[in-house]
Amino acid sequence: MNTRDTLYADNDGQLVIGGCKAGELVKQFGTPLYVMDEKYIRDICKSYYKVLDEKYPDSLVCFASKAFSCKAVYKIVESERLGADVVSGGELYTALQAGMSADKMYFHGNNKSVKELSEAVAAGVHAVVIDSLYEIDLLDSIAREKGKTQKVLVRVNPGIDAHTHRFIQTTRVDSKFGFSVSDGAALDAIRAILAKKNLAFTGLHCHIGSQIFELKPFKIAVDKMTDFIKTLNVELGCTVKELNMGGGYGITYTSEDKPLKPYQYVEAIVDRLTEDIAEKKISAPKLILEPGRSIVGEAGITLYTVGAIKDIKDVKKYISVDGGMFENPRYALYEAKYEAVLANKANAPATETVTVAGKCCESGDMLVADAKLPKAESGDILAVLSTGAYNYSMSSNYNRNSVPPVVLVNAGKAEYIVKPQTYEDLVSRDVCPTYLSED
Ligand code: LLP
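**Observations regarding the packing of helix H5 (residues 114–123) against helix H6 (residues 133–145)**
Think of two packed helices as two axes; the pair is described by the angle between the axes and how far apart they sit.
Next up, step 1: Orientation of H5 relative to H6, taken along the N-to-C sense of each, is 50°, at an axis distance of 10 Å. In terms of orientation, H5 and H6 fall into the oblique class. Note that H5 runs across H6; the crossing there is right-handed. Residue-level contacts link Val114, Leu117, Ser118 and Val121 of H5 to Glu135, Leu138, Leu139, Ile142 and Ala143 of H6.
Next up, step 2: Looking at side-chain class alone, the contact of H5 with H6 contains seven nonpolar, one polar and one charged residues.

**Some words on the pattern of salt bridges**
Next up, step 1: The tally for this structure, following the rule as stated, stands at 26 salt bridges.
Next up, step 2: Note that lysine 39 and aspartate 5 form a salt bridge whose closest N and O atoms lie 2.9 Å from each other. Here lysine 39 is found in helix H2 (residues 38–55), whereas its partner aspartate 5 is found in the segment before strand S1 (7–9), with 34 residues between them in sequence.
Next up, step 3: Taking the relative accessible area as the measure of exposure, aspartate 5 reaches 54% and is therefore exposed.
Next up, step 4: For lysine 280, the salt bridge identified is with aspartate 276, shortest N-O distance 3.7 Å. Of this pair, lysine 280 and aspartate 276 both sit in helix H9 (residues 262–280), four residues apart, which is roughly one turn of the helix. Taken individually, lysine 280 and aspartate 276 each receive the classification buried, so the pair is uniform in this respect.

**Details of the confidence of the model for the protein**
Next up, step 1: Put simply, the protein has an average pLDDT of 96, and 97% of its residues get 70 or more.
Next up, step 2: Mean pLDDT across the secondary structure elements of the protein bottoms out at strand S10 (residues 179–180), with 94, and peaks at strand S4 (residues 33–37), with 99.

**Some points on the environment of serine 101**
Next up, step 1: Mapped onto the elements, serine 101 comes out in the loop between helix H4 (89–97) and strand S7 (105–107).
Next up, step 2: Spatially, the C-alpha atoms of serine 101 and glutamate 78 are 8.7 Å apart, while their sequence positions differ by 23 residues.

**Quick notes on the pairing of strand S15 (residues 316–321)**
Next up, step 1: Burial of the side chains of S15 is restricted to one face: Lys317, Ile319 and Val321 are buried, whereas none of Lys316, Tyr318 and Ser320 on the reverse face is.
Next up, step 2: With five bridges connecting them, strand S14 (residues 300–312) and S15 associate as antiparallel partners. Within S15, the residue paired with valine 306 across the bridge is valine 321.
Next up, step 3: Connecting S14 to the antiparallel partner S15 that follows it, the hairpin turn spans three residues, and aspartate 314 within it adopts a positive phi of roughly 60°.
Next up, step 4: As paired elements, S15 and strand S17 (residues 352–357) share three bridges and run parallel to each other. Pairing of isoleucine 319 across the sheet is with valine 356, part of S17.

**A few points about the state of the cysteines**
Next up, step 1: Tallying each qualifying case throughout the model produces zero disulfides.
Next up, step 2: Here cysteine 361 stays free of any disulfide, with the sulfur of cysteine 360 as its closest cysteine sulfur at 7.4 Å.
Next up, step 3: The exposure class of cysteine 361 is exposed, given its relative accessible area of 66%.

**A word on the packing of aromatic side chains**
Next up, step 1: The tally for this structure, following the rule as stated, stands at eight aromatic pairs.
Next up, step 2: Ring geometry for tyrosine 249 versus tyrosine 265: centroids 5.1 Å apart, planes at 5°, classification stacked. With tyrosine 249 in the loop between strand S12 (242–244) and H9 and tyrosine 265 in helix H9, this pair connects stretches of sequence that are 16 residues apart. One exposure class covers both tyrosine 249 and tyrosine 265, and it is buried.
Next up, step 3: Taken together, the ring pairs connect Tyr48, Phe218, Tyr249 and Tyr265 into an aromatic cluster.
Next up, step 4: Geometry around tyrosine 49 places arginine 81 over its ring, the cationic atom sitting 4.1 Å from the centre.

Cut-offs and rules
- Residues numbered from 1 in each chain as written.
- Predicted model: local features only at pLDDT ≥ 70, side-chain atom pairs only at ≥ 80, totals over all residues.
- Heavy atoms only, no water.
- Axes fitted to C-alpha atoms, helices over the stretch in contact; angles between N-to-C directions.
- Helix = DSSP H or I, 4+ residues; strand = E, 2+ residues; numbered from the N terminus.
- Parallel < 35°, antiparallel > 145°, perpendicular 65-115°, else oblique.
- Left-handed = near helix turned anticlockwise from the far one by under 90°.
- Contact = heavy atoms within 4.5 Å.
- Nonpolar A, V, L, I, M, F, W, Y, C, P; charged D, E, K, R; others polar.
- Salt bridge = Lys/Arg side-chain N within 4 Å of Asp/Glu carboxyl O.
- Buried < 20%, exposed > 50% of the residue type's maximum accessible area, 1.4 Å probe, protein only.
- pLDDT = per-residue confidence, 0-100.
- Pairing = 2+ DSSP bridges.
- Disulfide = S-S within 2.5 Å.
- Phe/Tyr/Trp six-rings, centres within 6.5 Å; stacked < 30°, edge-to-face > 60°.
- Lys NZ or Arg CZ within 6 Å of the ring centre and 35° of its normal.

So, in structure tokens, the structure goes:
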């Protein structure tokens, strides 16, 4: 386990998160429970601005809210000076409800609906990130109807094969995202935007993938984007005021992962951009970064109660917990690896290798394959680490399980930031046609 000042085992072998003992959290809030470490989130945000304030002050960090969207998290990141990347009407609404200024939001998506684009323009989002030719006409007419000129960035696919899982890679040539630079599609899209009265071409966006551990793909992306900026200066005579380099910085899920410190990715991007600006003689764009996973991922820990234990002789030992793919679908989707600890026996040596299974009616419903644990007993508390990103945000009600509540911990205090979902909540939108009620 990667310990830190807000995550460690105390002398009694109890896992302590944000100054709260796991056992106490479970007594108060039950399981399964998502726990988010507020200080960790704030520290990461601060570490990004430490680099940017010093080296590239004309910049904005936007939290990629798809990693974890709820009001409290928007409030926390905004108080650390971040804006947000929103990708649906729901994320936009949640961020607005949290009081975040629309002027610090970028609206993404490869197929935004008319309703979503209208909402984005009406709210006054700073920029819509254009991802298709279809969207150019649509957004221009929506902006015209509202008597506005909407700033837009263009999502560019620089064609980089960053080393990560196929489903979370985004800028290989074959991708549903962005306009390719190499075949001229990006240039054509910008030409089309410049011809629109109610759109203001403001800059470029790229996102090369997620959970990337190397700096090289980010540096290559900066080179390719600045080359393209130069091309736009020369061919279309237009300036690029903003350059949004997306997110994607890798985090630690297990001890096999050895990411750099999150701020080192920012430093590499900024340094290369500064060099390229000087070398290519382009005017310095405002730099936007969009990390999601690196801000909330390691901040999250999910607590479970161990239930059924099944030891299949000479085959495998299954430890089943009260969660599963409805609250963390990442094993089922990507065979994602996680590390688990017994939160009430955190100092006991690991003596067995087990598979942590969820409670859903599905054979692939696993949470941790090959977890190294002390001997677990029913009733123990199991903690899965680094679950803050893309767990709650990808949860579902599969098997009519309730999405677990989320508790924010800091300096020994714990409070709900997402309340428990009740059985009544589960049926609250169900309706039966009247003929089903007739005798
Ligand atoms: N910006 C854009 C346009 C993105 O599409 C993404 C992630 C990000 C920023 C943030 O990337 P991050 O810093 O979080 O890596 N569900 C997958 C991850 C999908 C990421 C989608 N886009 C998972 O659970 O690993």
